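Coordinate inspection notes
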Amino acid sequence: RRRRRRAPLLVATPHQSSTADSPTFQQTRPLLNITMLATIGYGVASFVIAFVLAALLGSDGGALSKEFPWQFRLAAACRTPVLMLIVVPLSFIRGKYTLARRRLRRYLRGPGGKAAAIRHAAHVDSISEQLRAWDRGGRKRKLRTARSNWAAMSTKLGSNKEECNQIALGHMNEILDVDEDGLTLTCEPGVTMGELTDELLPLGLMLQSHIEMESITIGGLAMGFGIETNSHKVGLFQESVLEYEFVDSHGRRHSVTKDQPELFYALPWSYGTVGFLTSLKVKLLRTQPYVRVEYLPTSSAAELTSQLQRLAALGEGQAPDFLEATLYDRDNAVIQAGYFDARPSTAAPLNRINVWYKPFYYRHVETALRSGAFQERAAPRPLPLPRLSPSTRPRPVLTRPASPPSAGVDP
Ligand SMILES: Cc1cc2nc3c(=O)[nH]c(=O)nc-3n(C[C@H](O)[C@H](O)[C@H](O)COP(=O)(O)OP(=O)(O)OC[C@H]3O[C@@H](n4cnc5c(N)ncnc54)[C@H](O)[C@@H]3O)c2cc1C
C-alpha cells in the first residue's frame, strides 16, 4: 500500500506557488498562514504579559508566610489574573447568555394564564410518569433531582448523583400567576430569584423572602431553607408559603395547605425526601423605589449584638425593613439598617448600586469604620428591558432627586 502524505500546517508561500501544478501541492490542504500564526502569537504573548503583570501588581500571594507550600503561594499569586482575565469575562458572557435566554423564553411563552396552566399540567404529568416508571421498575435506585451539582448553590459539590435515579425537573421553570391585588405568586420550582426579580420589581413587588442570589431556585428555597435581611420581620422563607403542590413516590399529585398541617410543615427542610415539588404559592410584598440605608459602626461583639437586638425589636413602623451587618475583624463591624423610602428627598445622598465602576459594596460599607455613621438612599439599576407580561396596575416610577447629588456623594 502507498502511505498517505500528511497535509502541511502552513499554506504555500508565493515562492512555492510556482510549483502549484506539482503532485505534492495538489494533495496538501493548508490550514494556517503566516499572518494567522503571527496574530495568534501576539494574542498569546499579550495574554501572558497581562497575566504576569496582574499577578505582580494585583496579588498578595507574595505576602503569604513561607510556611505555606510553594504550590499554594503560586496559586494565591495567580488568583488576580485568573479572576480578571478568565473568570470575570467568562461569567460576564454566561450572565448575558442566561439573561437573553430567560427573556426569550418569557417572550415566547407569553403572560401566563390558561396556556401556562395547560403547560404546567403536562409538566406535572411528566414528573408523575417518571416516578411511576421508577416504581414499576422495582424502585432499584435512590431518587434525586437531575439538576447538576454545579448549578446548585451548595457546598456539597462532591455529592454523587450518578448512581441515582434522576428525575428531570429542568423544564419546570415557569411563573404561572402573579396576583397583584392578593399579593401572591404561583410558580414552578425551577424559577430562579433572578427571574423573579425581573418579573416582580417592575410591578413594585418582591417575594416576602426575596433571596439576593440570582441563581437560587424557589424550589430549592422551599425544600431546603431560605433567610433574608428582612427575616427579623417576616420569618424564614417557609413562612411565606401558602400552598405546595408535589408528586409523591407513587406518582400521585398533592396540593397541600395549612389545612393539612402534618404534610404542610413536613415539607420545608425536607430536601425533597417527601416528594418532588411541582409548584408553590407564596406571599408577596410591595416595594418602594428606594431603600434608605443607615451604616452604623460597632467596635465589639457585645455592642454589635445589643445594637442588632435593639433594632430588630423596635415595633412595627420603626424597626428597619432590612437588617444585616458586615464583620471586618473580631471587634469591628458595620450594621446596615435599611428602610423603604418612597420620597426623592435629597436629605440622604443617592447611591445607585450594582454599577460596574463602583467600589465593592463591602469596601464602601467599611468606610463607616473610619468616617463614622452615615446614611444614603440605595436604588436598583433600572432593568434594561421592559417587562414582557401585561400588568393590571400602573408601574411604579423610579423617581430621581430634584437636584442631582453633588459630586462625591454617589460613591
Ligand atoms: C455560599 C452560600 C451562601 C448562601 N447564602 C444564603 C442566603 O443569604 N440566604 C439563603 O436563604 N440561603 C443562602 N444559602 C443557602 C441556599 O439558599 C440553599 O442552599 C438553597 O437551598 C439553594 O437553592 P438551590 O436552588 O441551589 O437548591 P438545590 O441545591 O438545587 O436544592 C436544595 C434542596 O432542595 C431539593 N429540591 C430542589 N428542588 C426540588 C424539587 N422540585 N422537589 C423536591 N426537592 C427539591 C434538592 O434536592 C436539595 O436537597 C447559601 C448557600 C451558600 C452555599
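Residues numbered from 1 in each chain as written. Predicted model: local features only at pLDDT ≥ 70, side-chain atom pairs only at ≥ 80, totals over all residues. Heavy atoms only, no water.

Under an unreviewed UniProt entry, the name given to the protein is Delta(24)-sterol reductase, and the organism recorded is Emiliania huxleyi. Under the UniProt heading Subcellular location (unreviewed entry), the entry covering the protein gives this text: "Membrane". (UniProt positions renumbered as here; feature names shortened; annotations may be inferred.)

Helix and strand content of the protein: 12 helices and 13 strands. The buried share of the protein, taken over its 411 residues, is 32%. A sequence separation of at least 24 residues applies to 66% of the contacts in the protein between residues at least 6 apart. Counting every atom, the protein has about 25,400 Å² of accessible surface; 60% of that belongs to carbon and sulfur. (Helix = DSSP H or I, 4+ residues; strand = E, 2+ residues; numbered from the N terminus. Buried < 20%, exposed > 50% of the residue type's maximum accessible area, 1.4 Å probe, protein only. Contact = heavy atoms within 4.5 Å. Areas by Shrake-Rupley, 256 points an atom, 1.4 Å probe, with all protein chains shown as cover.)

Mapped onto the fold, Leu99 is located in helix α5 (residues 79–109). Sequence separation between Leu99 and Asp198 is 99 residues, and the spatial gap between their C-alpha atoms is 9.8 Å.

With that settled, the discussion passes to the UniProt feature "transmembrane region" (unreviewed entry) in the protein. Within this structure's numbering, the places UniProt gives as "transmembrane region" (unreviewed entry) are residues 31–58 and 70–93. Measuring from the first to the last C-alpha atom of residues 70–93 gives 33 Å, for a span that is 96% helix and 0% strand.

This part takes up the environment of Gln318. Within the fold, Gln318 resides in the loop between α11 (301–313) and β10 (322–327). Separated by 21 residues in the primary sequence, Gln318 and Tyr339 have C-alpha atoms spaced 9.1 Å apart.

A separate point is the nonpolar core. Core analysis: the biggest nonpolar cluster contains 28 residues, and Leu185, Leu196, Leu207, Ile218 and Phe237 have the highest contact counts within it. Elements that contribute at least two residues to this core include exactly β3 (175–179), β4 (184–187), α7 (193–200), β5 (205–207), α8 (218–223), β6 (241–247) and β8 (276–286). Judged by nonpolar contacts, the second largest core, of nine residues, contains Tyr295, Phe322, Val334 and Val365. (Core = buried A, V, L, I, M, F, W, Y, C linked by side-chain atoms within 4.5 Å.)

In this section: the site of the ligand. Residues in contact with the ligand amount to 22 residues; listed here are only the nearest, Arg147, Met153, Thr217, Ile227 and Leu277. Here an oxygen atom of the ligand and a side-chain polar atom of Arg147 are 2.9 Å apart. Leu277 places a main-chain nitrogen or oxygen 2.9 Å from a nitrogen atom of the ligand. Expressed as a share of its isolated accessible area of 960 Å², the protein-covered part of the ligand is 75%. Mapped onto the shell around the ligand, the elements with two or more residues apiece are α8 and β8. Looking at which element gives the most residues to the shell around the ligand, the answer is α8, with four residues. Looking at the shell around the ligand residue by residue, the class counts come to 14 nonpolar, seven polar and one charged. (Near = heavy atom within 4 Å. Polar contact = N/O pair within 3.5 Å; in protein donor to acceptor, adjacent residues only side chain to side chain. Nonpolar A, V, L, I, M, F, W, Y, C, P; charged D, E, K, R; others polar.)

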